[in-house]
Amino acid sequence: MAQKLMTEEVEAVPNALPKCPTGIQGLDEITLGGLPRGRPTLVCGSAGCGKTLLGMEFLIRGATDFDEPGVCISFEETAEELASNVASLGFDVAALVAQHKLAIDHIHLERSLIEESGEYDLDGLFTRLGLAVDSIGAKRVLIDSVETLFASLANESVLRSELRRLFAWLKQRGLTAIVTGERGQGTLTRHGLEEYISDCVILLDHRVTETILTRRLRVVKYRGSTHGTNEYPFLIEDDGISVLPVTSIDLKHIVSSERVSTGIPALDAMLGGKGYFRGSSILVSGTAGTGKTSLMAHFVDAACARGERCVFLSFEESADQIIRNMGSIGIDLERWVDQGLLHFRAARPTTFGLETHLAKIHKIIKEIAPGVVVADPVNGLLQSGTAFETRSMLLRLIDFLKEKQITSLMTTVTGGADTLDQSEPSISSLVDAWLLLRDLESGGERNRGLYILKARGVAHSNQIREFLLTDHGVALREVYLGEAGLLTGSARLTQEAKDGSAALFARQEIERRQLLLERKRKTLEAQIASLQLDLAAEEQESLQLISQEDLQAKKGEQDRSDMARSRFQDPQDGNGRSSKAAVGQS
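Just so it is clear, the model here is predicted, and its values are computed rather than measured.

Some words on the side chain of arginine 465
Mapping arginine 465 onto the fold places it in strand S21 (residues 465-470). Only 3.2 Å separates the side chain of arginine 465 from the side chain of glutamine 463, close enough to count as a polar contact.

Details of a negative patch on the surface
There is a patch of like negative charges on the surface, built from Asp320, Asp332, Glu334 and Asp338. Residue placement: aspartate 320 occurs in helix H12 (residues 319-327).

What to know about the packing of aromatic side chains
What the rule picks out here adds up to three aromatic pairs. Ring centres 5.5 Å apart and planes at 85 degrees place the aromatic pair tyrosine 276 and phenylalanine 299 in the edge-to-face group. Of the two residues, tyrosine 276 is situated in strand S13 (residues 276-277) and phenylalanine 299 in helix H11 (residues 292-305); the sequence distance between them amounts to 23 residues. The burial state of tyrosine 276 is the same as that of phenylalanine 299; both residues are buried. Here arginine 259 stacks its cationic end above the ring of phenylalanine 277, 4.9 Å away from the centre of that ring. Positioned above the aromatic ring of phenylalanine 352, the side-chain terminus of lysine 360 is 4.9 Å from the ring centre.

Observations regarding the nonpolar core
Membership of the largest hydrophobic core comes to 40 residues, with the highest contact counts inside it found for Leu267, Tyr276, Leu333, Leu342, Leu435 and Leu450. Setting aside its immediate chain neighbours within four residues, tyrosine 276 contacts Glu258, Arg259, Val260, Thr262, Leu267, Leu271, Ile282, Phe299, Leu409 and Leu435. The next biggest cluster of nonpolar side chains, apart from the first, holds 34 residues, and it includes Leu27, Val86, Leu89 and Ile241.

A look at the pattern of salt bridges
Summed over all chains, the structure comprises 23 salt bridges. Across the pair lysine 171 and aspartate 199 runs a salt bridge whose closest N-O atoms are separated by 3.0 Å. Of this pair, lysine 171 sits in helix H8 (residues 156-172) while aspartate 199 is found in the loop between helix H9 (194-197) and strand S8 (200-209), placing the two residues 28 residues apart along the sequence. We classify lysine 171 as partly exposed; its relative accessible area is 36%.

Concerning the sheet that holds strand S6 (residues 140-144)
Here we have nine strands laid out as an open sheet, ordered S5-S4-S6-S7-S3-S8-S9-S10-S11, and mixed in their pairing. The outermost strands of the open sheet, each flanked by one partner alone, are strand S5 (102-106) and strand S11 (240-243). With strand direction ignored, the average angle separating the axes of adjacent strands in the sheet is 20 degrees. One ladder, built from five bridges, connects strand S3 (residues 40-45) with S8; its direction is parallel. Paired with valine 43 across the two strands is isoleucine 202, which belongs to S8. The strands touched by helix H6 (residues 123-136) within the sheet are strand S4 (70-74), S5 and S6, with S4 carrying the most contacts at an inclination of about 150 degrees.

Notes on the environment of alanine 266
Tracing the chain through its elements places alanine 266 in helix H10 (residues 265-270). For alanine 266, a relative accessible area of 23% puts it in the partly exposed group. In sequence terms alanine 266 and leucine 476 are 210 residues apart; their C-alpha atoms lie 6.2 Å from each other.

About the criteria used
- Residues numbered from 1 in each chain as written.
- Predicted model: local features only at pLDDT ≥ 70, side-chain atom pairs only at ≥ 80, totals over all residues.
- Heavy atoms only, no water.
- Helix = DSSP H or I, 4+ residues; strand = E, 2+ residues; numbered from the N terminus.
- Polar contact = N/O pair within 3.5 Å; in protein donor to acceptor, adjacent residues only side chain to side chain.
- Patch = residues over 30% accessible without salt bridge, like charges linked within 9 Å, V, L, I, M, F, W, Y side chains within 5 Å.
- Areas by Shrake-Rupley, 256 points an atom, 1.4 Å probe, with all protein chains shown as cover.
- Salt bridge = Lys/Arg side-chain N within 4 Å of Asp/Glu carboxyl O.
- Lys, Arg positive; Asp, Glu negative; His and termini not counted.
- Charge placed at Lys NZ, Arg CZ, Asp CG, Glu CD.
- Phe/Tyr/Trp six-rings, centres within 6.5 Å; stacked < 30°, edge-to-face > 60°.
- Buried < 20%, exposed > 50% of the residue type's maximum accessible area, 1.4 Å probe, protein only.
- Lys NZ or Arg CZ within 6 Å of the ring centre and 35° of its normal.
- Core = buried A, V, L, I, M, F, W, Y, C linked by side-chain atoms within 4.5 Å.
- Contact = heavy atoms within 4.5 Å.
- Pairing = 2+ DSSP bridges.
- Axes fitted to C-alpha atoms, helices over the stretch in contact; angles between N-to-C directions.

See below:
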């Protein structure tokens, strides 16, 4: 994708210099489209740096990928030797020769048999080269190497003139050529002239740093075109040369809003309840033994359970050891290996150089097309290069994974208590989420804690959680605070017991008080009920007395009325007189 973007930018420039794509991975990206078409390019370097292989791959890729036949003029190796050498890269030279897509002409020049006399010219070479080009309609040429051609020529002015003739002849024929040259003392080539005449100069170098070999490529000049100016590592692999540009990936990768689970529900909850963003990069840091690999195994297990392919890059443990160890906490990774979802790649950091590691990771990812890549631990790569080189390599890896929308999780081992927030080789600023596992020492015990230092675009918890490794995986316990702060381990259990006893006592006291209140309530209710019964009895008795008196009064009145009627007299007043007589007297 990055190469496509680069090509589009070049094509958008008016009157851009025509380019001839090499087909070599990464080189076309650095040169923004390839070598100058119809012009010679000088490839120089010391012995064994890969000049001839680069030139041969340029021809072979042109013939196979771009339908541009090529001619190789070799002054050092025979056609059989060249074919045998590039066969190790998977190229079938004999088949291309038979198809008239490639022609190899070996010209043997014995310096001891050559004497400079009269005028020196290259007409014989031009004739021979012209016949080879015409025989297959070649568009590309490799001349290997220019030093052998001019080895017996001591006159510098004649040498410069003949070099100009050679390059002019190649331009006149419209041939895109690579001319190889050996590096001199203080100059790019032995004669120190070729680099000034060439339109494009590429310098190859290989150096050994702490017993580890690294090959590098630099575009020294490129007339009429901009190009990458850095020094770029490159590899010679079993499928050809690959250049790994430091600035190969623009910050234009597409992001996703989809979230993927960490494999630990409590950790998902700390990350807003949904986990990481798909295609993001996550860093887990911590001292040795804090559970970084276990956290990583949960993530891999969850991804495989979703049906995603995963690549597990291990720089310390073998695949079998990781599978066994994770089985002790209830995570069965072997089943995913058997199903073809989990692919382990284990290698010591010192086995290869940084760029070889990166190239092999690229190759694995292209072959497997995983959704998740994990690396444990990445700061082990510091053994293969400087901190700057390691950070640069990891930067390119992270950008490559983001471009592919691959979620990556890497671990780093931190030093001691004073460096817990450091992530050698300083990649914390490159990642999207950073989790820290740390030791919590108290009461003579060492326990584990986890917290989230950052999670871009995610509302996350700021709490420290106790991190436990159980027989059913990682468990994160809720924060438990005592008078002395966060409590873990035995101190937490002791405090929990104390708090539990205190809570039990408080509950018992509450129950006792509730029982007393209930008793008082019932006693009062009984007293009230008794008083209500007494009141009801007294009311009943009073009502009965009142009723009896009313009946007696009514009966007495009735008796008097009945007696008066029986005497045919009016009822008397209280003195035994009739009411009428009493009235007359008055």
